[in-house]
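The primary structure of each chain is shown beneath.
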Amino acid sequence: MGRPLRARRQATLASLAAELGVSRTTVSNAYNRPDQLSPELRRRVLETARRLGYPGPDPVARSLRTRKAGAVGLLLTENLSYAFRDPAAVGVLEGLALACEDAGVGLHLVPASPGREDVAAVHRAGVDGFVVYSVPDDDPHLAAVMQRPVPTVIVDQPRIEGIDRVGPDDAAATTEIAQHIVSLGHRQVGVLCMRLARERNDDFVPPERQSSAHFHVQRIRLEALATAFSAAGVDWSTVPVVERFDHTVDDGASAARQLLDAHPQVTALICTSDILALGAMAEASRRGLRVPADLTVTGFDGIAEAERAGLTTVHQPVLEKGKAAGKLLLGSADRLAPKIITLKTELRVGSTSGPPRTIEQPWFGP
């Protein structure tokens, strides 16, 4: 058996400087402050580094010295795959990534799936600041972020006094879609909403749970619906609201099934997201219901799939939301006071909303 090959000793900053006959500062500047060197000198340093196998300055040592990690942390209290699966989350992530690219910094996704109480990932994250995306106000990971001495920007929720935040005016946007439904003549309505708290509840939601929801966006949207329909003479306590902990099209379909089985008189389903609305449309199709002749369905977000389906929905600029959050975080050192950015929304009336069916046009679900 032959003798094992001996690994060549890796070049260091000092050995590279000696090889080139320059100072260690000059070598460091070639990587960290290239504007301090002539193009020719920097090219010679980098070519020699490649030839000698020098990997560049140690990023850990550099971060200890500069107290900068060169990365932004994104806290999303979902499984990491959600950030790449949910269309609205994908848009926010893309926008944030674009802001990081423009600033020349990295993006670190902090794992914090639902039900996980261990916040060590937040404490270990080597980041210069956090973007917190849509978490409940009692989330332990949020509390851990707030303990870190770094800037923080919240996207959507929760609302925390003195902390930068980016998001739409959910109350105004939801009121607009509620008034659209009211103007069409609907009074027998039902609501499908996203998760209201950290504990799972895949069931009907009583008014007390609606008003005490720890997810502010969902609570505000439900409050806006209650106000708008109460003004139209509807007793909100009689309006069925079904919650889903998970956010998938299948969950939207099962929520619609649960609600329509118990309340077949409903003529409109108002969904607090497009994903739930797409599921509701699938369930309507399964029952042989015509949308909107037999059942009006609306959503919220304005994702591409909803647009293709002709869904009546509130469109919000999710990519711009992520980009604005990144810019706000990366520019926070220049400000003395917190900033709130309210993004514009647009009600887009599609083909899924229309007048309610009349008494002469009943339907009988399975």
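Just above sits the structure.
Described below are features of the structure shown in this document. (Residues numbered from 1 in each chain as written. Predicted model: local features only at pLDDT ≥ 70, side-chain atom pairs only at ≥ 80, totals over all residues. Heavy atoms only, no water.)

Let's talk about the side chain of Thr-312
Stated precisely, the cut-off is as follows: Think of it this way: any DSSP run of H or I at least four residues long counts as a helix, any run of E at least two long counts as a strand, and we number them from the N terminus. Definition of a polar contact: a pair of N or O atoms within 3.5 Å, with one able to donate and the other able to accept a hydrogen when the atoms are protein atoms, and with sequence-neighbouring residues admitted only if both atoms are side-chain atoms. Contacts are assigned to residue pairs with any non-hydrogen atoms lying within 4.5 Å of each other.
Mapped onto the elements of the fold, Thr-312 is located in the loop between α14 (304–308) and β10 (313–315). Among the polar contacts listed, one links the side chain of Thr-312 to the backbone nitrogen of Gly-350, at a separation of 2.8 Å. With sequence-adjacent residues up to four places away left out, Thr-312 is seen in contact with Ile-177, His-180, Val-297, Thr-298, Gly-299, Leu-347, Arg-348, Val-349, Gly-350, Ser-351, Thr-352 and Ser-353.

So, the environment of Gln-210
Position of Gln-210 relative to the elements: it lies in helix α10 (residues 207–211). Separated by 13 residues in sequence, Gln-210 and Glu-223 have C-alpha atoms that sit 8.0 Å apart. Look past the residues within four positions of Gln-210 in its chain and what remains in contact with it is Leu-196, Val-205, Arg-219, Leu-222, Trp-236 and Val-241. Within polar-contact distance, the side chain of Gln-210 engages the side chain of Trp-236 at 3.0 Å.

A look at helix α6 (residues 87–103)
Quick note on the threshold: Any helix carries an expected span of 1.5 Å times its number of residues minus one. Classification of residues uses two cut-offs on accessible area relative to the type maximum, computed with a 1.4 Å probe and protein chains only: under 20% is buried, over 50% is exposed, and between them is partly exposed.
The terminal C-alpha atoms of α6 lie 25 Å apart, and with 17 residues this matches the ideal 24 Å at 1.5 Å per residue to within 8%. Along α6, the positions that sit buried rather than exposed are Ala-88, Ala-89, Gly-91, Val-92, Leu-93, Gly-95, Leu-96, Ala-99 and Cys-100. The residue sitting at the N-terminus of α6 and contributing the capping side-chain oxygen is Asp-86; that oxygen lies 3.2 Å from the backbone nitrogen of Ala-88. After α6 finishes, the residue Gly-104 shows a positive phi value of roughly 70 degrees.

Some details on the packing of helix α1 (residues 13–20) against helix α3 (residues 39–52)
Applicable threshold: Throughout, an axis means a line fitted to C-alpha atoms (over the contacting stretch in the case of helices), and angles, computed between N-to-C directions, take values from 0 to 180 degrees. Note on terminology: angles under 35 degrees are roughly parallel, angles over 145 are roughly antiparallel, angles of 65 to 115 are roughly perpendicular, and the others are oblique. Crossing chirality is assigned from the near helix's rotation relative to the far helix, an anticlockwise turn below a right angle marking it left-handed and a clockwise turn marking it right-handed.
At a closest axis distance of 10 Å, the pairing of α1 and α3 adopts a crossing angle of 120 degrees. Here α1 lies oblique to α3, going by the angle between them. The way α1 lies across α3 gives a crossing that is right-handed. Where α1 approaches α3, its residues Leu-16, Glu-19 and Leu-20 are matched on the opposing element by Arg-44, Val-45, Thr-48, Ala-49, Arg-51 and Leu-52.

What to know about the pairing of strand β1 (residues 71–76)
Where we set the bar: Pairing between strands is defined by DSSP: at least two bridges between the two strands are required.
Where burial is concerned, most of β1 is hidden: 6 out of the 6 residues are buried. The two faces of β1 match: Ala-71, Gly-73 and Leu-75 on one face and Val-72, Leu-74 and Leu-76 on the other face are all buried. Relative to strand β2 (residues 106–111), β1 is paired through 6 bridges, and the arrangement is parallel. Within β2, the residue paired with Gly-73 across the bridge is His-108. Relative to strand β3 (residues 130–133), β1 runs parallel, the two sharing 3 bridges. Each bridged residue has a counterpart across the sheet, and for Leu-74 the counterpart in β3 is Val-131.

Considering the environment of Ser-332
Mapped onto the secondary structure, Ser-332 falls in the loop between α15 (318–330) and β11 (340–343). Taking the relative accessible area as the measure of exposure, Ser-332 reaches 16% and is therefore buried. Here the alpha-carbon distance between Ser-332 and His-186, two residues 146 residues apart in the chain, equals 46 Å. When residues no more than four places from it in sequence are discounted, the contact partners of Ser-332 are Pro-151 and Asp-164.

Focus on the packing of aromatic side chains
Let me state the cut-off plainly: Within 6.5 Å between ring centres, the rings of Phe, Tyr and Trp (the latter by its six-membered ring) count as paired, and their orientation is classed by plane angle as stacked under 30 degrees, edge-to-face over 60, tilted in between. Any Lys NZ or Arg CZ that is within 6 Å of a ring centre and within 35 degrees of that ring's normal is treated as a charge sitting over the ring.
Taken as a whole and judged by the stated rule, the model has 1 aromatic pair. Here the guanidinium or amino end of Arg-195 rests over the ring plane of Phe-245, the centre of that ring lying 3.9 Å away. Taking NZ or CZ as reference, Arg-221 lies 3.6 Å from the ring centre of Phe-300, over its face.

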